[in-house]
Amino acid sequence: LSVLLPTAAPTKASTSAPTVTAPGPSSNTVKETEAEGEAQDTPAEKEPKEEKYSRVLCFKVNPQSRMSHLLQYRFPASIDPFTIFSYISIDLVYVLWLFFVTLAWNWNLWMIPVRWAFPFQTRDNIHLWLMTDYLCDTIYIMDILLFQPRMQFIRGGDIVSDSKETRKNYMRALRFKLDVASLLPLELFYFITGINPLLRCPRLLKIMSFFEFNMRLEAILTKAYVYRVIRTTTYLLYSLHCNACLYYWISANQGLGSTHWVYSGEGNAYIRCYYFAVKTLITIGGLPDPTNLKEIIFQLVNYFVGVFAFSIMIGQMRDVVGAATADQTHYRSCMDSTVKYMGSNRIPKDVQNRVKTWYNYTWQSQGMLDEQELLVQLPDKMRLDIAVDVNYSIVSKVPLFEGCDRQMIYDMLKRLKSVVYLPGDYVCKKDEVGREMYIIKSGEVQVVGGPGGKIVFATLKAGAVFGEISLLAVGGGNRRTANVIAHGFANLFILEKKGLNEILVHYPESQKVLRKKANARGDCDSVLVA
């Protein structure tokens, strides 16, 4: 190990002689001389940092290594359950822990009926089954002792993180009672009845951890509907699983192969019984007729359960898929309604094609038709945070807003509206009344004029602003002085005059800056559109 692991580098001895200065009236002479000596040292002559290692057992560990951080990790005094979508380590650790608790719960959920019905638990492998059972019990115990008593809670609107209070809150909750009941030591009856898996049924009471894991996992997934579809499919598979176990149990009680209805005992027992369960619950048909009352009752119950269970699951699957495609359904509905309206009013085909192109491009580029509809339900502060994260990097680089109050720009971000223009669309026309200011988010626009609007005076790219002069009513005029068309697909931010005036009332200094810049641009006869 001493050969493989790096050793600490020896410290470099100082070779510079101490500086001696003659005594003088000034007490700063020594300091000045020392400063000159330090200034003469070049970066290449700096001493290398000494690598320090701490000894753990028989290994040397760098304190900055991941292993050292892992060894130095301390369990938190409390766990925040409210910051769901967060990349703070403890939140992800708790979600990962819930995954292991859910895994242990699913082990009991799926294996208890299998071990009870099928002869898979034998003397040769009983130790493996018991080891897995007790491992799951250990996870249950750790969850009760280490994690749940540390969960923060809300009392009177305040988040309580005190360890004593969180422990008391957990012990008063229904979840604590169910968690304790799930660990009832019914395995003690093994000494009387033998190893019976049904004695582990109380372990299924820890179902609240399963629901919590689902909630938190859906909160951190970008496409939660995929997980919902998988989970609903798993419910269906579990119902078939239980039915297969019941079918084998009834067959074993009557005798394998005793009638043509029961399991014959050939092939893989679980696969054959699962196949029978699928045919029964889905009511495919082609099943053997039951021969006695017990078989008839079992088959009738299967038919009724299959009808209700499958109708519920199919309905739930439809709701999950419908929620996942709700935005796309809304987009198609709007597009179909618009196309129907244009057709009934005999709108020219070229206009209809441009409208369809706008719908398709807006949906593909934004994933929605109107961004404001998505944010209208959020509080004002959250809308501002999203607007800053999405648009501030673009607006802050606009030269027109340099020197303006930062809060004024924040207020303006909430009033910006994103609009998509198709190639060749007129953004604004000459001599029309200017009521909006435009900021190019992506794409390009061209300032055109001349005969037929064929002359291109300027091409404006992302981050450029136009329309601000007429919006600020410089010189009392608010007419456009040129035509602006979209060159390719262009996504523009639009700020209406009314909204800008409402903002500038509270920021007079920023208003002076904007008017001064607009006057300067107007006097220079800028190519930017007035």
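Residues numbered from 1 in each chain as written. Predicted model: local features only at pLDDT ≥ 70, side-chain atom pairs only at ≥ 80, totals over all residues. Heavy atoms only, no water.

Visitor: Would you mind going over the overall build of the protein with me for this structure?
Guide: A count of helices and strands for the protein gives 19 helices and 10 strands. Burial statistics for the protein: of 530 residues in total, 33% are counted as buried. Entry remark: accessible area of the protein is about 32300 Å², with carbon and sulfur atoms responsible for 61%. (Helix = DSSP H or I, 4+ residues; strand = E, 2+ residues; numbered from the N terminus. Buried < 20%, exposed > 50% of the residue type's maximum accessible area, 1.4 Å probe, protein only. Areas by Shrake-Rupley, 256 points an atom, 1.4 Å probe, with all protein chains shown as cover.)

Visitor: Even after reading the chapter, I still don't get a nonpolar patch on the surface, so can you show me in this structure?
Guide: A contiguous nonpolar surface patch, about 610 Å² in accessible area, is contributed by Ile-296, Leu-300, Tyr-303, Phe-304, Val-307 and Phe-308. Relative to the helices and strands, Leu-300 resides in helix α11 (residues 293-324). Using a relative accessible area of 45% as the deciding quantity, one classes Leu-300 as partly exposed. (Patch = residues over 30% accessible without salt bridge, like charges linked within 9 Å, V, L, I, M, F, W, Y side chains within 5 Å. Salt bridge = Lys/Arg side-chain N within 4 Å of Asp/Glu carboxyl O.)

Visitor: When you look at a positive patch on the surface in this model, what are you seeing that I'm missing?
Guide: A cluster of basic side chains, namely Lys-164, Arg-167, Lys-168 and Arg-172, defines a positive patch on the protein surface. Here Lys-164 is to be found in helix α5 (residues 163-172). Taking the relative accessible area as the measure of exposure, Lys-164 reaches 54% and is therefore exposed. (Lys, Arg positive; Asp, Glu negative; His and termini not counted. Charge placed at Lys NZ, Arg CZ, Asp CG, Glu CD.)

Visitor: Just to check I follow, could you spell out the packing of helix α8 (residues 207-220) against helix α9 (residues 224-254) for this structure?
Guide: Each pair of packed helices can be described by the angle between their axes along with the distance between the axes. Put simply, α8 and α9 touch, their axes get as near as 9 Å, and they point 150° apart. In terms of orientation, α8 lies roughly antiparallel with respect to α9. Only Ala-224, Tyr-227, Arg-228, Arg-231 and Tyr-235 of α9 make contact with α8, whose side of the interface consists of Phe-210, Phe-213, Asn-214, Leu-217 and Glu-218. Here the residues of the contact of α8 with α9 are counted per class, giving six nonpolar, one polar and three charged. (Axes fitted to C-alpha atoms, helices over the stretch in contact; angles between N-to-C directions. Parallel < 35°, antiparallel > 145°, perpendicular 65-115°, else oblique. Contact = heavy atoms within 4.5 Å. Nonpolar A, V, L, I, M, F, W, Y, C, P; charged D, E, K, R; others polar.)

Visitor: What am I meant to see in the side chain of Gln-352 here?
Guide: Mapped onto the elements of the fold, Gln-352 is located in helix α13 (residues 349-366). Residue class for Gln-352 comes out buried when judged on its relative accessible area of 6%. Filtering out sequence-adjacent residues up to four positions away, Gln-352 remains in contact with Met-342, Gly-343 and Ile-347.

Visitor: Help me understand the environment of Asn-360 in this model?
Guide: Mapped onto the elements of the fold, Asn-360 is located in helix α13. Judged by relative accessible area, which is 28%, Asn-360 ranks as partly exposed. A sequence separation of 29 residues divides Asn-360 from Tyr-331, and the C-alpha atoms of the two residues are 9.2 Å apart.

Visitor: Which parts of the structure should I look at to understand the nonpolar core?
Guide: Across soluble globular proteins, nonpolar side chains have a tendency to be buried as a group. Membership of the largest hydrophobic core comes to 24 residues, with the highest contact counts inside it found for Val-395, Phe-401, Met-412, Leu-416 and Ile-439. Mapped by element, the contributors of at least two residues to this core are α15 (380-395), α16 (406-413), β7 (436-449), β10 (483-496) and α18 (497-504). Per element, the largest residue contribution to this core is five residues, and it comes from α16. Ignoring anything within four residues of it in the chain, the contact list for Val-395 reads Phe-401, Ile-409, Met-412, Leu-413, Leu-416 and Ile-439. (Core = buried A, V, L, I, M, F, W, Y, C linked by side-chain atoms within 4.5 Å.)

Visitor: Please clarify how unusual backbone geometry should be interpreted in this entry.
Guide: Glycine aside, residues mostly have negative phi angles, and peptide bonds mostly take the trans form. Notably, Arg-346 is not glycine yet its phi reads approximately 55°, a positive angle. Here Arg-346 lies in the loop between α12 (326-344) and α13. Look at Arg-346 and you get exposed, because its relative accessible area is 77%. Although it is not a glycine, Asp-431 adopts a positive phi angle of roughly 75°. You can see Asp-431 is positioned in the loop between β6 (426-428) and β7.

Visitor: What is the right way to read the UniProt feature "transmembrane region" (unreviewed entry) in the protein from this model?
Guide: Look at the UniProt record and you will see "transmembrane region" (unreviewed entry) annotated at residues 84-106, 126-147, 178-199 and 296-314. For the annotated span residues 126-147, helix accounts for 100% and strand for 0% of the residues, and the straight-line distance between the end C-alpha atoms is 31 Å. Strand forms 0% of residues 296-314 and helix 100%; the C-alpha atoms that close the span are 27 Å apart. (UniProt positions renumbered as here; feature names shortened; annotations may be inferred.)

Visitor: Sorry if this is basic, but what is going on with the packing of aromatic side chains here?
Guide: What describes a pair of aromatic rings is the distance from one ring centre to the other and the angle between the planes of the rings. A full pass over the atoms with the stated rule returns 24 aromatic pairs. Relative to Tyr-263, the ring of Tyr-248 lies with its centre 5.9 Å away and its plane at 45°, an arrangement referred to as tilted. Of the two residues, Tyr-248 sits in helix α9 while Tyr-263 sits in the loop between α9 and α10 (269-281), which places them 15 residues apart along the sequence. Of the two residues examined, Tyr-248 and Tyr-263, each falls in the buried class. Here Tyr-361 and Phe-489 contribute two aromatic rings whose centre-to-centre distance is 4.1 Å and whose plane-to-plane angle is 15°, an arrangement assigned as stacked. Of the two residues, Tyr-361 sits in helix α13 while Phe-489 sits in strand β10, which places them 128 residues apart along the sequence. According to the relative accessible area criterion, Tyr-361 is partly exposed, its value standing at 25%. (Phe/Tyr/Trp six-rings, centres within 6.5 Å; stacked < 30°, edge-to-face > 60°.)

Visitor: When you look at α15 in this model, what are you seeing that I'm missing?
Guide: Side chains of residues three or four places apart in an α-helix project in the same direction, reflecting 3.6 residues per turn. The end-to-end C-alpha distance of α15 is 19 Å, clearly below the 22 Å that 16 residues give at a rise of 1.5 Å each. Considering bend angle alone, the principal kink of α15 is centred on Asp-389 and spans about 45°. Buried within α15 are the following residues: Leu-384, Ala-387, Asn-391, Tyr-392 and Val-395. Those residues of α15 that are buried are in contact with α16, β7 and β10. (Expected span 1.5 Å × (residues − 1). Bend = angle between axes of the 7 residues up to and from the residue.)

Visitor: When you look at the pairing of strand β8 (residues 455-460) in this model, what are you seeing that I'm missing?
Guide: Look at any regular strand and the pattern is simple: side chains alternate between the two faces of the sheet. Across five bridges, the pairing between β7 and β8 is antiparallel. Looking at β8, one finds that Val-448 is bridged to Val-456. (Pairing = 2+ DSSP bridges.)

Visitor: Mind showing me how you'd approach the packing of α9 against α11 here?
Guide: Running from amino to carboxyl end, α9 crosses α11 at an angle of 175°, the nearest separation of the two axes being 9 Å. If you check the angle between α9 and α11, you find them roughly antiparallel. Tallied by class, residues from the contact of α9 with α11 come to 15 nonpolar, seven polar and three charged.

Visitor: In this structure, what is going on with the pattern of salt bridges? I would like to understand it.
Guide: Side-chain pairs of opposite charge can arise where the charged atoms are in close proximity. All chains considered together, the criterion is met by 17 salt bridges. The shortest N-O distance in the salt bridge between Arg-115 and Asp-133 comes to 2.9 Å. Here Arg-115 is found in helix α3 (residues 89-117), whereas its partner Asp-133 is found in helix α4 (residues 126-147), with 18 residues between them in sequence. Like Asp-133, Arg-115 is buried. Between Asp-385 and Lys-381 there is a salt bridge, with the nearest N and O atoms lying 2.8 Å from each other. Taken together, the positions of Asp-385 and Lys-381, both in helix α15 and four residues apart, correspond to about one turn of that helix. Through salt bridges with shared partners, a single network forms among Arg-115, Asp-133, Asp-137, Glu-187, Arg-200 and Arg-203.

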